[in-house]
Every structure is written in C-alpha cells, then in structure tokens.
Amino acid sequence: MRTILLNIARGIDQLFFPRNCAGCGSDLITKEQLLCLGCINNLPVTNFHMHANNPVEKIFWGRLPVRSAASLFYFTKGSLLQRLLHQFKYRGNKEIGYLMGTMMGKTFVESNRFAFLDGLVALPLHKSRERRRGYNQAAILCEGFSAATGINFYRDVIVRAAYTETQTQKGRLERWQNIEGRFALRNSEKLRHKRILLVDDVVTTGATLEACGQELLRVEGLELNIATMAYTSMR
Ligand SMILES: [Zn+2]
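Bear in mind that the values here come from a model prediction, so they are computed numbers and not experimental data.

1. Topic: the nonpolar core
Thought 1: Membership of the largest hydrophobic core comes to 67 residues, with the highest contact counts inside it found for Leu35, Met100, Leu191 and Leu216.
Thought 2: With residues up to four places along the chain from it excluded, the contact list for leucine 216 reads Val121, Ile158, Leu185, Leu191, Leu198, Leu222 and Leu224.

2. Comments concerning the packing of aromatic side chains
Any pair of aromatic rings gets described here by the distance separating the centres and the angle formed by the planes.
Thought 1: All chains considered together, the criterion is met by 6 aromatic pairs.
Thought 2: Measuring from ring centre to ring centre gives 6.2 Å for phenylalanine 88 and tyrosine 135, while their planes differ by 15°; the resulting arrangement is stacked. Placement of the pair is phenylalanine 88 in helix 4 (residues 80–90) and tyrosine 135 in the loop between helix 6 (127–133) and helix 7 (137–149), with a sequence separation of 47 residues.
Thought 3: Its relative accessible area of 0% is what places phenylalanine 88 among the buried residues.
Thought 4: You can call tyrosine 135 buried: its relative accessible area is 6%.
Thought 5: Ring centres of phenylalanine 108 and phenylalanine 114 lie 5.0 Å apart, and the angle between their planes is 75°; this geometry places the pair in the edge-to-face category.
Thought 6: Its relative accessible area of 0% is what places phenylalanine 114 among the buried residues.
Thought 7: Clustering of aromatic rings is evident, with ring pairs tying together Phe48, Tyr74 and Tyr231.

3. Some details on the sheet that holds strand 6 (residues 195–203)
Thought 1: Strand order in the open sheet made by the 5 strands is 1-7-6-2-3, with parallel pairing throughout. Two strands close off the open sheet at either side, each with one partner strand: strand 1 (69–74) and strand 3 (152–153).
Thought 2: The sheet contact formed by strand 2 (residues 119–122) and strand 3 spans 2 bridges and is parallel. Across the sheet, the residue bridging to leucine 120 is phenylalanine 153, located in strand 3.
Thought 3: Packed on one face of the sheet, helix 5 (residues 94–108) meets strand 1, strand 6 and strand 7 (223–231) and runs near 125° to strand 1.
Thought 4: Set on the sheet, helix 7 makes contact with strand 2, strand 3, strand 6 and strand 7; between it and strand 6 the angle comes to about 125°.

4. Examining the coordination of the zinc ion
Thought 1: Every protein donor of the zinc ion is listed here as Cys21 (SG), Cys24 (SG), Cys36 (SG) and Cys39 (SG), and their distances to the metal cover 2.3 to 2.4 Å.
Thought 2: Considering all 4 donor atoms around the zinc ion, the spread of angles at the metal, 105 to 114°, places the coordination shape in the tetrahedral class.
Thought 3: Written as a sequence motif, the donor residues of the zinc ion are C-x2-C-x11-C-x2-C. Note that cysteine 21 is positioned in the loop between helix 1 (2–16) and helix 2 (37–42) and cysteine 36 in the loop between helix 1 and helix 2, a separation of 15 residues in sequence.

5. Concerning helix 4
Turn by turn, an α-helix covers 3.6 residues, leaving residues three or four places apart pointing in a common direction.
Thought 1: All of the buried residues along helix 4 are Leu80, Leu81, Leu84, Leu85, Phe88 and Lys89. Projected onto a plane normal to the axis of helix 4, the buried residues spread over an arc of 155° and lie on a single side.
Thought 2: Downstream of helix 4 by one or two residues, glycine 92 has phi in the positive range, about 70°.

6. A closer look at the packing of helix 4 against helix 5
Thought 1: Packing of helix 4 against helix 5 leaves a shortest axis separation of 7 Å and a crossing angle of 120°. With respect to each other, helix 4 and helix 5 are oriented oblique. In this structure, helix 4 meets helix 5 at a crossing whose hand is left-handed. Between helix 4 and helix 5, the contacting residues are Leu81, Leu84, Gln87 and Phe88 on the first element and Lys94, Ile96, Gly97 and Met100 on the second.
Thought 2: A class-by-class count of the residues in the contact of helix 4 with helix 5 yields 5 nonpolar, 2 polar and 1 charged.

So, how was this worked out
All residue numbers refer to position in the chain's written sequence, counted from 1. This being a predicted model, a pLDDT of at least 70 is required before a residue's local features are given, and a value of 80 or more before pairs of side-chain atoms are given or counted; all residues contribute to the totals for chains, interfaces and linings. Think of the side-chain values as coming from all heavy atoms in the structure, minus any hydrogens and water. The criterion is simple. A nonpolar core is a set of buried Ala, Val, Leu, Ile, Met, Phe, Trp, Tyr and Cys residues joined through side-chain atoms within 4.5 Å. Exposed residues in this analysis have more than 50% of their type's maximum accessible area, buried residues have under 20%, and partly exposed residues fall in between, with area computed by a 1.4 Å probe over protein chains only. Contact criterion: two residues are considered in contact whenever any of their non-hydrogen atoms come within 4.5 Å of each other. Pairing of aromatic rings covers Phe, Tyr and Trp, the last through its six-membered ring, and needs centres within 6.5 Å; plane angles under 30 degrees mean stacked, over 60 mean edge-to-face, and all others mean tilted. What counts as a helix is a DSSP run of H or I of at least four residues, what counts as a strand is a run of E of at least two, and both are numbered from the N terminus. A strand pair is defined by DSSP finding two or more bridges across the two strands. A fitted line through C-alpha atoms represents every axis, and for helices the fit uses only the stretch in contact; the resulting angles, taken between N-to-C directions, go from 0 to 180 degrees. Atoms of type N, O and S within 2.8 Å of a metal are treated as its donors, and for Na, K and Ca the window is 3.2 Å; water is not considered, so some sites may appear to be missing partners. Square planar and octahedral assignments, for four and six donors respectively, both demand that opposite donors be over 155 degrees apart and that all other angles lie between 65 and 115; tetrahedral needs four donors with all angles between 85 and 135 degrees, and anything else is irregular. What the arc measures is the spread of directions leading from the helix axis to the C-beta atoms. Throughout this description, any angle smaller than 35 degrees is read as roughly parallel, any larger than 145 degrees as roughly antiparallel, any in the 65 to 115 degree range as roughly perpendicular, and the remainder as oblique. Put simply, a crossing is left-handed when the front helix is turned counterclockwise from the back one by less than a right angle, and right-handed when it is turned clockwise. Side-chain classes are defined by residue name, with Ala, Val, Leu, Ile, Met, Phe, Trp, Tyr, Cys and Pro counting as nonpolar, Asp, Glu, Lys and Arg as charged, and the others, Gly among them, as polar.

Here it is, written out as structure tokens:
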C-alpha cells in the first residue's frame, strides 16, 4: 500500500512538474532544468561576444553606431535550437526563453566587451501581436538576463508605433517598411548617458533592430549595444 501511494505521489509530481527535457524528451536529473546537459552541450555557441568585428557587428556597419553586438547561438533549420525557439515563440513556453535569457546573461558578461552595462531594453512587439502571444519574447529574454546578472531591465522605455490611417495611402512595400520601422521613446530620461543592451530573439537582416536602435540613439549620451539569442545568415 505504501509503495502504491508513493508511486501515485510521484506520478502526480510528474504531472505538475514535468521532468522531461524540452529538447530530446529524456528524463531530467534533479539538477537539470528544462534542458538536459546533453542538449545544452549540443547548442551551437557562436562565441561572437568575445570578438570584435564578428558577423553580427558587421550587419550594422555603416548603418548604426553600435559599440558591441553578438548572438549567443547559430540558428539553423531543423536544429534543436529551432525547435526550442518555436516552443518559446508559438507554444507559449516562456520558461525556455527565460532559460535562454539566463544563458545569454551568464555568457555575455564574461566578456569585457559586454561588461559595465547599465541596462537592458527589449525590442518591442506591436501591441496587437503581444496580446495575441501573451508576452513579448524579447522581454522574457531580458528577464532571464537580468536575473542572471543583476543588470537592470528597463521596461516601457520604447514602443512600436501603431498602424495609422495615413499609412493606408502608401504603397504596400513602403507601408510595410514603415510599420516595421516605427518606434517611439517613452520615459527616455531614464536612458540618458546609459550603456544599453538592446535584446531580441533572432537577428537576420538587422532591419528592425536598426530602426529601434536609431530611435534609442536619439537619447542624449546613450551607448548602444545589441544582443540576440540567435544569429542566422539566411536572407
Ligand atoms: Zn535533452
């Protein structure tokens, strides 16, 4: 009887606190959280954070004055990272994003290129998209980053401008670029003379980060740095 009860208790525990790896499905050992050590070790780390003129910094050359930029992982199709990113962005699995954010934080602050940051800013989503998803994935990354490093996360300092009536007059492509590229500062006095890390999930062309970065650089004395969880050269 005692064993049966114990087994039931364990079963209930498994039900409420799933102890399987989000990457490969294998059972997790006590110290592991969300991902097993095998999966963590298989994630393709770029080490960009240690190197000046890395591929992420090159994206912004001639476009945006960024002090340091880097991505933690390479993104490739069909990879473990793609599956994790999918769960994070489209399946409501915020815990994965939070874990990725802590990994970013621990890794990036190892490098003196990302030391001395004053604060984090999440690339904002359109309000309608954030409502549909229930969260902004970049903000979840910042929460994990902040928890791992103690670096302040500035919320609500920049927003994505809403679709406006006048834009319907413009051509389709122009309108799209216009919407993607419109950001507006809020409470920007908090950011004056601060070393800021702008955070997003993936960088490809860098167009959205560039537009957001341009808006942030309107703040007096702001120093801009950029970090993403993943880098893809797929254009
Ligand atoms: Zn695993």
